[in-house]
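# Report on the structure
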Amino acid sequence: MPVNISAGGGGDNVSRSEYKDKDKPTQIRYSNITAAKAVADAIRTALGPRGMDKMIQAENGDVTITNDGATILKQMQVLHPAAKMLVELSKAQDIEAGDGTTSVVVLAGSLLDASANLLARGIHPTAISEAFQRAAQKSTEILESLVTPLDLADRESLLKSASTSLNSKVVSQYSSILSPIAVDAVMKVINPATATNVDLKDIKIVKKIGGTVEDTELIDGLVFTSKTSGAGGPNKVEKAKVGLIQFCISPPKTDMDNQVIVSDYTQMDRVLREERAYILDIVKKIKKSGCNVLLIQKSILRDAVSDLALHFLAKMKILVVKEVEREDVEFVCKTLGCKPIASVDHFVPENLGSAELVEEVQTGSSKIVKVTGIACPGQTVTVLIRGSNKLVIEEADRSLHDALCVIRCLVKKRALIAGGGAPEIELSQRLAEYANSLTGMEQYCFRSFAEALEVIPFTLAENAGLNPISTVTELRARHAQGEKNAGINVRKGAITNILEESVVQPILVSLSAITLASETVRSILKIDDIVNCVH
Amino acid sequence: MMSLNPVQIFKMGAEEEKSETARMSSFVGAIAIGDLVKSTLGPKGMDKILQSSSTNEALKVTNDGATILKSIGVDNPAAKVLVDISMVQDDEVGDGTTSVVVFACELLKEAESLVSQKIHPQTVISGWRKAVDAAREALTNAARDNGNDPVKFKEDLLNIARTTLSSKILTQHKEKFSNLAVDAVLRLKGSGNLDAIQLIKKLGGNLSDSYLEEGFLLDKKVGLNQPKRMENAKILIANTPMDTDKIKVFGSRVRVDAVSKVAQLEVAEKEKMKLKVEKIIKHGCNVFINRQLIYNYPEQLFSDAGVMAIEHADFDGVERLSLVTGGEIVSTFDCPEKVKLGTCKLIEEVMIGEDKLLKFSGVELGEACTVVLRGATQQILDEAERSLHDALCVLSQTVKETRTVYGGGCSEMLMADAVSKLAAKTPGKEAVAMESFAKALRQLPTIIADNAGYDSADLIAQLRASHTSGKHTIGLDMQHGRVGDVAQLGITESYQVKRQVLISGHEAAEMILRVDNIIKAAPRPRAPDHRHH
């Protein structure tokens, strides 16, 4: 009588021989490690300023070109469960630090490699896992001793760290333009003296095709990508009174179904007349409040604004921007200091916001509406990204996001460390030293952990076309002589004092990369079976 | 030739497995289930990946027996019994879900060898029954009760939390999480209502960034232009449509002969909404939380009145909110005097990771609190939630039943010792069954030691020797791979959990052993499929 234990095809696992019992977990562990390493290897070449980009084609034919680890992994659609965990890892780094999404995966891959070797020596996985956690803890201690404290007023250092992040992206040649934008944007939305976090939702990024990335600008105000509506209306208003409405200026519609029954010719005339009168009445009320710029929220139930209404508004010299998304309403209100108006009865001057200038600007083949010189600005800014094609814009957006995150990290934890692989080598050496004070298996694990950290400078050198072995060994030698800040200068292709080259990064990026990577590696190490389940 | 044909008793398609075959199929099924989960046992147990056959389903990484068994599909009756006891254990006490399955499986392994020695299953069963009584008595005698001494009791709770968490993903942060879990449970003041403890998972950060927050967190936003901070809030919790109260008769429509009349109707609808909002405000609330959407117009009315309006709170959130703030969920607003409003001292926005949440502090139900979990991946977060849930369950059980016993294999050895002693005194075949029961009990520490990669034979022999010589606090010290005094190590478990493992493990094993016939009902006949012909 065959006994089927697991409906998910696990029936063949039913073997009670001791031999198999020990064999299977090992195989599962190696398969997990191999799969996770494959993911890490796939994005390894994207690390660093000379890292290469990946072209990803989605199922529907959309193409993405990027250098951002989190984006590559998100699009890759991996199947293996352990590989999925690495994708999650890079997502977590994205949330926590925003930058270093490639490094964290490469680091995890290297730690897994190290643990595979340790496993092969017969060390129990939980022993490795515990040692790695302690090593990660020790690493954070060491890293914190390497930092240079930072004052948020020190714009120079902020710029340096933003450009370090941007230098490894596709848009690196524009880092001199994008990094001041990133720094200024963050500084505008926070109070540098008290802030401990930045809500990046206060920085709105608007993308518009046309021009080049050089034309990207920071606007202290608002930008709408749609053009003004209504023929004959103004497209430039000074001393604007801006109203944001959430009701519709179109023929009335009830929530119940309604039918207007027209039985003869005169009635038809009357219906038309009444419709005009109804709309005119609303428009007059709007005009009466002194409003001369009208923003209209998109409506799905009916026309947000009818052609007739647009005509009247144009005649009254009111500038109209329609199709404002509901999600954007809060941002618009915060920026302009206005209140959304949900019914015409509420259309009173107190609910309006005011701005120096609202104008429609021609950009390439399309137009945008800019609102500047806001009277009582909320703490928000808008960044308008330009680029010659969609791919470049998307990548510029991602890079700018990373740069903003770097600045946010510095707001959260005001300390910098060197870049260019310097902290990793230093960390590796200090850990190895510390390992000597330990006994037993822990020493082995610490050593492997320390060696695994060298993957970052190794890969940096490899991607820059340097000889990785000679570079890393030279780095080791320099650090052993006490040059804490010696790192790989990719531009010169040599090892120099990396602080003098102004390659710096926030400590939070490195800290979270190490803690997150080791946490994931530990969780992979502890897995000894993959069970297929049913619903 | 009729006489040679077997007499057909069952319907076509029904199956019957008899005596030896039936027993074998039960044993094999149950033992396979036990073997599947046994590697997760103990502080150095391993995790499993649960992969769903549909690709878009998120995968799980877990160490929790109940979760593993819930997810696998089982087609063997005996295996199903084991899955069920694990579920029951989860419902009853929340922890020990793996131990109970492993114990039942070890009992069955013993039974298999006894049956093959031609000992009748009923003899085995009666021996086991005497053994389980002896074991329970030994366990009860060994249990300590510090329920009357708050300081010692808290120490007990902390030890239990540490012991439970040490076999889970949170083991590296067990100090932090055991304090957190004990604080949360002690806030409940013995009510044991775990609903008042909310677990919120936020990706990012790492496990050590998790924290306990008094009050309640709601993952929602305040409406536009409304106060983002509200002191001494009076909360009206509602489940009502805030777009329009429509006439819900199908096909109802109005006929008019002029646009102005449509406009009038529109105004009338608006007025109705306004009236509803006024009615709501008349309740004297300054916070309005609705389960359904709040549209722009009512939202504005609320902001005019300075009321904080929160839309689209999910069902779970609303129920919990009503529990912790003491308010009722209402959907009609005609008699304000009858409605009980929820209260809390302060509502404000807090930022966790990248998201803003609303925090309700100083709520009516003082015991309510929220645990915010942070972790590197979704899997880690989910597993942390399950682990913490287990710990909370055990702790709330312990608050009710304050007796505790020692863990680390110590209680099992103690029980095994008592059973062995009884077996030595018992004449007859039952003694063999009792001895096998003791052996099964000893298997639990053996597996724990095996999972950690230590020499189990040596350790268990040492343990046995110490217990026989009367040292009843000796157990496994898995940090160092040796035997040690668990009283000093602080490895403590809830008496309730241990007892439940013993009793339901034994019950399940007995039930499976009693089976001598498996009858599978004939599948429901289906109409023949003619479409292809």
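A brief structural summary. Keep in mind that what you see is a predicted model, and the values were worked out from it rather than measured. (Residues numbered from 1 in each chain as written. Chains lettered and ligands numbered in written order. Predicted model: local features only at pLDDT ≥ 70, side-chain atom pairs only at ≥ 80, totals over all residues. Heavy atoms only, no water.)

## Concerning the pattern of salt bridges
Here the structure, examined in full by the defined rule, presents 46 salt bridges over all chains. Note that Lys207(A) is salt-bridged to Asp397(A), the shortest N-O span being 3.3 Å. Of this pair, Lys207(A) sits in strand S4 (residues 203-209) while Asp397(A) sits in helix H11 (residues 390-412), and the two are 190 residues apart along the sequence. What makes Asp397(A) buried here is its relative accessible area of 17%. Across the pair Lys201(B) and Glu385(B) runs a salt bridge whose closest N-O atoms are separated by 3.0 Å. Remark: Glu385(B) occurs in helix H11 (residues 378-400) and Lys201(B) occurs in strand S5 (residues 197-203); sequence separation between them is 184 residues. Owing to a relative accessible area of 31%, Lys201(B) belongs among the partly exposed residues under this scheme. When its relative accessible area of 25% is taken as the criterion, Glu385(B) is described as partly exposed. Among the charged side chains, a salt-bridge network with shared partners connects Asp35(B), Lys38(B), Glu106(B) and Lys109(B). (Salt bridge = Lys/Arg side-chain N within 4 Å of Asp/Glu carboxyl O. Helix = DSSP H or I, 4+ residues; strand = E, 2+ residues; numbered from the N terminus. Buried < 20%, exposed > 50% of the residue type's maximum accessible area, 1.4 Å probe, protein only.)

## Looking at helix H12 (residues 410-425) of chain B
The end-to-end C-alpha distance of H12(B) is 23 Å, a good match for the 22 Å that 16 residues give at a rise of 1.5 Å each. Inspection of H12(B) places Cys410(B), Ser411(B), Glu412(B), Met413(B), Leu414(B), Met415(B), Ala416(B), Asp417(B), Val419(B), Ser420(B) and Ala423(B) among the buried residues, and these make up the whole buried set. (Expected span 1.5 Å × (residues − 1).)

## Observations concerning the packing of aromatic side chains
Applying the stated criterion across every chain, the model contains 4 aromatic pairs over all chains. Pairing Tyr434(A) with Phe446(A) gives two aromatic rings, centres 5.6 Å apart and planes at 50°, and the pair type is tilted. Highlighted residues: Tyr434(A) in helix H12 (residues 422-435) and Phe446(A) in helix H13 (residues 441-453), separated in sequence by 12 residues. Considering the side-chain rings of Phe103(B) and Phe437(B), the 5.8 Å spacing of their centres and the 90° angle between planes classify their relative orientation as edge-to-face. With a gap of 334 residues between them, Phe103(B) in helix H4 (residues 97-116) and Phe437(B) in helix H13 (residues 430-451) connect regions that are remote in the sequence. The class of Phe103(B) is buried, set by a relative accessible area of 1%. Directly above the aromatic system of Tyr434(A) lies the positively charged group of Lys138(A), at a separation of 4.2 Å from the ring centroid. The ring of Phe331(A) has Lys204(A) lying over it, and the distance from NZ or CZ to the ring centre is 5.7 Å. (Phe/Tyr/Trp six-rings, centres within 6.5 Å; stacked < 30°, edge-to-face > 60°. Lys NZ or Arg CZ within 6 Å of the ring centre and 35° of its normal.)

## A word on the interface of chain A and chain B
Listed as interface residues are 80 residues of chain A and, on the opposing side, 88 residues of chain B. Put simply, chain A and chain B have 3 salt bridges between them. Among the salt bridges present, the one from Lys48(B) reaches Asp529(A), with a minimum N-O distance of 3.7 Å. Counting across the chain A and chain B interface gives 6 residue pairs in polar contact (both at pLDDT 80 or more). Judged from the 4 bridges that link them, strand S8 (residues 257-260) of chain A and strand S9 (residues 253-256) of chain B form a sheet pairing that is parallel. When the sheet's bridge partners are listed, Gln259(A) is paired in S9(B) with Arg255(B). (Contact = heavy atoms within 4.5 Å. Polar contact = N/O pair within 3.5 Å; in protein donor to acceptor, adjacent residues only side chain to side chain. Pairing = 2+ DSSP bridges.)

## Some remarks on the packing of helix H14 (residues 455-463) of chain A against helix H15 (residues 468-480) of chain A
Residue and element names in this part refer to chain A. Between H14 and H15, the shortest axis-to-axis distance is 8 Å and the interhelical angle comes to 135°. Classified by the angle their axes make, H14 and H15 are oblique. In this structure, H14 crosses over H15, and the sense of that crossing is right-handed. Where H14 approaches H15, its residues Pro457, Phe458, Ala461 and Glu462 are matched on the opposing element by Pro468, Ile469, Thr471, Val472 and Leu475. Residues of the contact of H14 with H15, tallied by class, amount to 7 nonpolar, 1 polar and 1 charged. (Axes fitted to C-alpha atoms, helices over the stretch in contact; angles between N-to-C directions. Parallel < 35°, antiparallel > 145°, perpendicular 65-115°, else oblique. Left-handed = near helix turned anticlockwise from the far one by under 90°. Nonpolar A, V, L, I, M, F, W, Y, C, P; charged D, E, K, R; others polar.)

## Regarding the packing of helix H4 (residues 101-120) of chain A against helix H16 (residues 507-525) of chain A
Residues and elements named next belong to chain A. Following both chains from N to C, one finds H4 and H16 inclined at 40°, their axes separated by 9 Å at the closest point. In terms of orientation, H4 lies oblique with respect to H16. Every pair of crossing elements has a handedness; the one defined by H4 and H16 is right-handed. Residue-level inspection shows Val104, Leu107, Ala108, Leu111, Leu112, Ser115 and Leu119 of H4 in contact with H16, the latter providing Ala513, Ile514, Leu516, Ala517, Ser518, Val521, Ile524 and Leu525. Residues of the contact of H4 with H16, tallied by class, amount to 13 nonpolar, 2 polar and no charged.

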